[in-house]
Number of protein chains: 2
Amino acid sequence: MTINEIAKMAGVSRATVSRYLNDGYVSKEKSERIKQVIDETGYTPSVSAKLLRSHRTNLIGVIIPKISSDSISRMISGISEILSKEDMQLMLACTQNDENEELKYLKTFNDNHVDGIILLGTIFTAAHKKLLKEMPTPVVILSQKLEGYSCIYSDDYHAAYSLGSHLAKTSKKVGMLMVSERDIAVGVNRRNGLLDSLKKGGVKVDPSCIRTTGFTMKSGYEQTEILLKEHPEIDTLICATDTIASGAIKCLHDKKISIPKQIQVTGFGDSSVSSAISPALTTVRFYYEEAGREAASILLKRIDGKEKSVIKEMQLAYDTVIRESTRV
Amino acid sequence: MTINEIAKMAGVSRATVSRYLNDGYVSKEKSERIKQVIDETGYTPSVSAKLLRSHRTNLIGVIIPKISSDSISRMISGISEILSKEDMQLMLACTQNDENEELKYLKTFNDNHVDGIILLGTIFTAAHKKLLKEMPTPVVILSQKLEGYSCIYSDDYHAAYSLGSHLAKTSKKVGMLMVSERDIAVGVNRRNGLLDSLKKGGVKVDPSCIRTTGFTMKSGYEQTEILLKEHPEIDTLICATDTIASGAIKCLHDKKISIPKQIQVTGFGDSSVSSAISPALTTVRFYYEEAGREAASILLKRIDGKEKSVIKEMQLAYDTVIRESTRV
DNA sequence: TGAATATGTGAAATCGTTCTCACATCTTCA
DNA sequence: TGAAGATGTGAGAACGATTTCACATATTCA
């Protein structure tokens, strides 16, 4: 079924059918004839043909590093809350933390003319910046800061600073399970916030007590083992994410080390696991849904062309959530 | 930049450029001229124009009920393992457990000519069946059984049966936190497998000890509270998923009920949370990655047209994983 | 009444590819 | 040598919509 056949059956030109489908600038009489034919035939316009001319899809591409992350899923729920109101659909692409996949999907989304892209990026390489610059599709960056782009990110430095200040009061020897410094938000900002606040609070952190882990429970478990072997006197273990912390806690359980009495443990993110484990994890809550909503709103504005050149940057609030895994 | 301009610049017809880009049936001399022009201009063919003619996208649509589920993320990792080998890309659509969203995305994927769809469905309504029948795009159903379609699903009945047989030995009074029976795999098959095996093992389950929960921790927590209020003598709590079980365990912790001494608890799925919590959860492991790989392989075969009409059904294996949350 | 404006319509161009077909040239082999 | 096959090429017709333009016809207003 094509628009031509519909036109023929309704006894009008295909332009009229097109108008009927779009702006509705059609007389009542023909309008009804067309409606009837469409109802009878179950015709739906070809998306690809439409795309070739008009380049509007009502689709938003969202690129995420991994599925199955609490923080990501919350950002996405914020995004879709806004977008579904505007009758736009979400296409997710998961890169499994692979930078090349990220580039590929960026390109795919652009080629397929999604109306906009939200990039939940992690690491930005030169290739990223080049591609982003070349792409006509509007992009909003979520959870990282990138110069020259609209981006929404949490204030990792101050969140970490605040947590560190709290912990400084009750810590003598601090161990840290951080992530790669290529990840600016999580790897650098959280680390710096912690180190600065601990220093201010009079706690010195031995560089060999800071270990780099992956974003997994397993990695948290393993690095905790190594850390404790080298520094058994540690009484505070600060983890870069809740997932890492839950691995650490599991390890401490297995070693019969009491939490928080012997070692207190903290995470970041207030993911669902943080309240599911025992002891419940002291952590930092970021306003992920809000971040998602903001990102989507900004993107929509740029798509509408209202704020094409305006680059908006936004830092989101945080709360420190004190639970059972810390002293005091 | 269009193929016409490239053709003009290279002094050939656009058909030749098209051949250069596709089958390569071009003389060496012209081939080089074209290559040079393309390199200079950075030309990339328009995906939408290509689509209008050829209807091949190298895209596979995957519809999931929610992001941030361990089982789903493992299936997806299985899927993408197979697809990335074939240079196909994955588009995810998340329905947030909304049937209408599921229909919408099914339609969107079909309209945008993805090469195939993997539907991680939950509930099939008449509207689903109608739409699926109308769509030309090949679909494989994952994790549920649907008559007339290729589907891969885990053997929930026997998995539950096996778990139930194990628990029957050490249980007197069983409570169950199940999910809606509209979800055949999780809501019906698991429940039946459990009830049949318990009966066989001589354990009668009072219908009022079976409660219906949502798929969340919160729901697990709340229903556990209600269940214990009504039936404090329960000594075994079987949950339909690990997530529900982790909510239940949290509740038991709060009530200072010892696990597994007073009440033993089990889940389904062997998600990462099941080993993160304490006590570590006895659960059933399904081969989710394998399921994903199978689904992708079958889909690819159907896309290649090799097995267009062949409907394949497949049940996947399971293991019972005994951990600390059960007696024995 | 006649000009200006609003309203509706269809023919034809356009979007940027792929694909079919006809045709040319070059090998190969009996 | 001449027919059959391989190899390479371009013209032009799809693919199925939107959009521009020109042209009716109906309405409004001085």
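Residues numbered from 1 in each chain as written. Chains lettered and ligands numbered in written order. Predicted model: local features only at pLDDT ≥ 70, side-chain atom pairs only at ≥ 80, totals over all residues. Heavy atoms only, no water.

S.K.: Looking at this structure, I do not really get the overall build of chain A. What am I missing?
M.R.: Assigned secondary structure in chain A consists of 13 helices and twelve strands. Sorting the 328 residues of chain A into buried and exposed places 55% on the buried side. A separation threshold of at least 6 residues defines the contact pool for chain A, and within that pool the share at least 24 residues apart is 71%. Of the roughly 14600 Å² of accessible surface on chain A, a fraction of 51% belongs to carbon and sulfur atoms. Averaged over its 44 positive side-chain charges, chain A has a centre that lies 1 Å from the centre of its 40 negative ones. (Helix = DSSP H or I, 4+ residues; strand = E, 2+ residues; numbered from the N terminus. Buried < 20%, exposed > 50% of the residue type's maximum accessible area, 1.4 Å probe, protein only. Contact = heavy atoms within 4.5 Å. Areas by Shrake-Rupley, 256 points an atom, 1.4 Å probe, with all protein chains shown as cover. Lys, Arg positive; Asp, Glu negative; His and termini not counted. Charge placed at Lys NZ, Arg CZ, Asp CG, Glu CD.)

S.K.: What's the story with the relation of the copies chain A and chain B in this structure? I'm lost.
M.R.: In this arrangement, two copies of a chain are superimposed by a rotation about an axis accompanied by a shift along the axis. Mapping chain A onto chain B calls for a rotation angle of 180° and an axial translation of 0.0 Å; the resulting RMSD is 0.1 Å. With respect to symmetry, the two chain copies, as superposed, fit the operation of a two-fold axis. Residues of chain A ranked by C-alpha distance from the rotation axis are headed by Ser68(A), positioned 1.7 Å from it. A shared interface surface links the copies, since 100% of the contact residues of chain A are contact residues in chain B too. (Least-squares fit on C-alpha atoms with pLDDT ≥ 70 in both.)

S.K.: Can you help me understand the protein's contact with DNA strand D in this one?
M.R.: Surveying the vicinity of DNA strand D reveals 25 residues, the closest of which are Ile3(A), Ser18(A), Ser46(A), Arg53(A) and Thr16(B). Backbone atoms, meaning sugar and phosphate, form 58% of the atoms of DNA strand D found within 4 Å of the protein. A distance of 3.2 Å is found between a base oxygen of DNA strand D and a side-chain nitrogen or oxygen belonging to Arg14(A). Side-chain polar atom of Tyr43(A) to a phosphate oxygen of DNA strand D: 2.9 Å apart, as the coordinates give it. For the surface near DNA strand D, the secondary-structure elements that each account for two or more residues are helix 2 (14-21) and helix 4 (47-54) of chain A together with helix 2 (14-21) and helix 4 (47-54) of chain B. (Near = heavy atom within 4 Å. Polar contact = N/O pair within 3.5 Å; in protein donor to acceptor, adjacent residues only side chain to side chain.)

S.K.: Help me understand the packing of helix 5 (residues 70-85) of chain A against helix 13 (residues 288-303) of chain A in this model?
M.R.: All names here are of chain A. Two elements in contact, helix 5 and helix 13, have axes separated by 7 Å at closest approach and are oriented at 40°. When the axis of helix 5 is compared with that of helix 13, the two are oblique. Judged by the twist between their axes, the crossing of helix 5 over helix 13 is right-handed. Along its contact with helix 5, which presents Ser71, Arg74, Met75, Ser77, Gly78, Ile79, Glu81, Ile82 and Leu83, the element helix 13 presents Tyr288, Glu289, Gly292, Arg293, Ala296, Ser297 and Leu300. Of the residues that constitute the contact of helix 5 with helix 13, the class distribution is seven nonpolar, five polar and four charged. (Axes fitted to C-alpha atoms, helices over the stretch in contact; angles between N-to-C directions. Parallel < 35°, antiparallel > 145°, perpendicular 65-115°, else oblique. Left-handed = near helix turned anticlockwise from the far one by under 90°. Nonpolar A, V, L, I, M, F, W, Y, C, P; charged D, E, K, R; others polar.)

S.K.: I tried to follow the protein's contact with DNA strand C on my own but got confused; where do I start?
M.R.: Around DNA strand C, the structure places 26 residues, and the nearest of them are Thr16(A), Arg53(A), Ile3(B), Ser18(B) and Arg53(B). Counting only atoms of DNA strand C within 4 Å of the protein, the fraction found in sugar and phosphate groups is 61%. Thr16(A) is positioned with one of its side-chain polar atoms (N or O) 2.5 Å from a phosphate oxygen of DNA strand C. Taking Ser18(B), its side chain carries an N or O atom lying 2.5 Å from a phosphate oxygen of DNA strand C. Residue composition of the surface near DNA strand C, grouped by class: eleven nonpolar, eight polar and seven charged.

S.K.: Explain the pattern of salt bridges to me, please; I cannot follow it from the model alone.
M.R.: When charged atoms on two side chains of opposite charge get close, those side chains can pair. In total, this model carries 46 salt bridges over all chains according to the counting rule given. Ionic pairing is found between Glu134(A) and Lys130(A), a salt bridge with its closest N-O pair at 3.2 Å. Taken together, the residues span about one helical turn, with Glu134(A) and Lys130(A) both in helix 7 (residues 126-134) at a distance of four residues. In this structure, the salt-bridge partner of Arg56(B) is Asp115(B), at a minimum N-O distance of 2.9 Å. Taken together, the positions of Arg56(B) in the loop between helix 4 and strand 1 (59-64) and Asp115(B) in the loop between helix 6 (99-111) and strand 3 (116-119) put the pair 59 residues apart, joining distant regions of the chain. Taking the relative accessible area as the measure of exposure, Asp115(B) reaches 7% and is therefore buried. Put simply, Asp270(A), Arg285(A), Asp319(A) and Arg323(A) are held in one network by salt bridges that share partners. (Salt bridge = Lys/Arg side-chain N within 4 Å of Asp/Glu carboxyl O.)

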